[in-house]
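For reference, the chains in residue letters:
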Amino acid sequence: MKFTKILIAGLLSVTFANANDTLSNSMTIMQKGIEQVQFGFINNNEQMVREGLKAIKKGNAMFSDSAVIKKALPSNKKHMVNVAENASKRIAADATIIELNLDDKAYTKAAEGYSDMLNACSRCHSIVRSW
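Residues numbered from 1 in each chain as written. Predicted model: local features only at pLDDT ≥ 70, side-chain atom pairs only at ≥ 80, totals over all residues. Heavy atoms only, no water.

As a further point, take the state of the cysteines. A full pass over the atoms with the stated rule returns 0 disulfides. Left without a disulfide partner, Cys-121 is nearest to the cysteine sulfur of Cys-124, which lies 8.1 Å away. Classification of Cys-121 as buried rests on a relative accessible area of 17%. (Disulfide = S-S within 2.5 Å. Buried < 20%, exposed > 50% of the residue type's maximum accessible area, 1.4 Å probe, protein only.)

Written as structure tokens, this is what we have:
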């Protein structure tokens, strides 16, 4: 019985650690992508914007599943899964909007998509992290 409890506690610890690693990795990848997109816009470098978008999509995909989000959130924030999930969907949509506008050489509209993406990130962080 004691062994079973230790085993269950160990499995829960590993699951929690993996969820936190996913959250940390996802946010780090997205942060680097966001910085790269911003640098690309500042320097009129479309290729850099596109590379940054690839990173954002990769990081966002890691953290877009509600089950993963729920595991990663602290116990007092688990009810906010929908906020994080909606932000993830908005980020994915904005990445597509940016790419389509880059294809059309509509750089101002692409930049507006980037601005909306940042708003989605900031909104999630302010609500879920109480920042």
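From this point, things continue past the structure.
Per the stated rule, a full pass over the model turns up 6 salt bridges. Across the pair Glu-46 and Lys-105 runs a salt bridge whose closest N-O atoms are separated by 3.2 Å. In this pair, Glu-46 sits in helix H2 (residues 46-62) while Lys-105 sits in the loop between helix H4 (81-103) and helix H5 (107-128), placing the two residues 59 residues apart along the sequence. When the shortest N-O distance is used, the salt bridge between Arg-90 and Asp-116 registers 2.9 Å. One end of the pair, Arg-90, is in helix H4; the other, Asp-116, is in helix H5, and 26 residues separate them in sequence. Taking relative accessible area as the criterion, Asp-116 reaches 26% and is therefore assigned partly exposed. (Salt bridge = Lys/Arg side-chain N within 4 Å of Asp/Glu carboxyl O. Helix = DSSP H or I, 4+ residues; strand = E, 2+ residues; numbered from the N terminus.)

Our next topic: the packing of H4 against H5. Between H4 and H5, the least distance of the axes is 8 Å, while the angle of their chain directions is 170°. Here H4 lies roughly antiparallel to H5, going by the angle between them. Across the contact of H4 with H5, the residue classes break down as 17 nonpolar, 3 polar and 5 charged. (Axes fitted to C-alpha atoms, helices over the stretch in contact; angles between N-to-C directions. Parallel < 35°, antiparallel > 145°, perpendicular 65-115°, else oblique. Nonpolar A, V, L, I, M, F, W, Y, C, P; charged D, E, K, R; others polar.)

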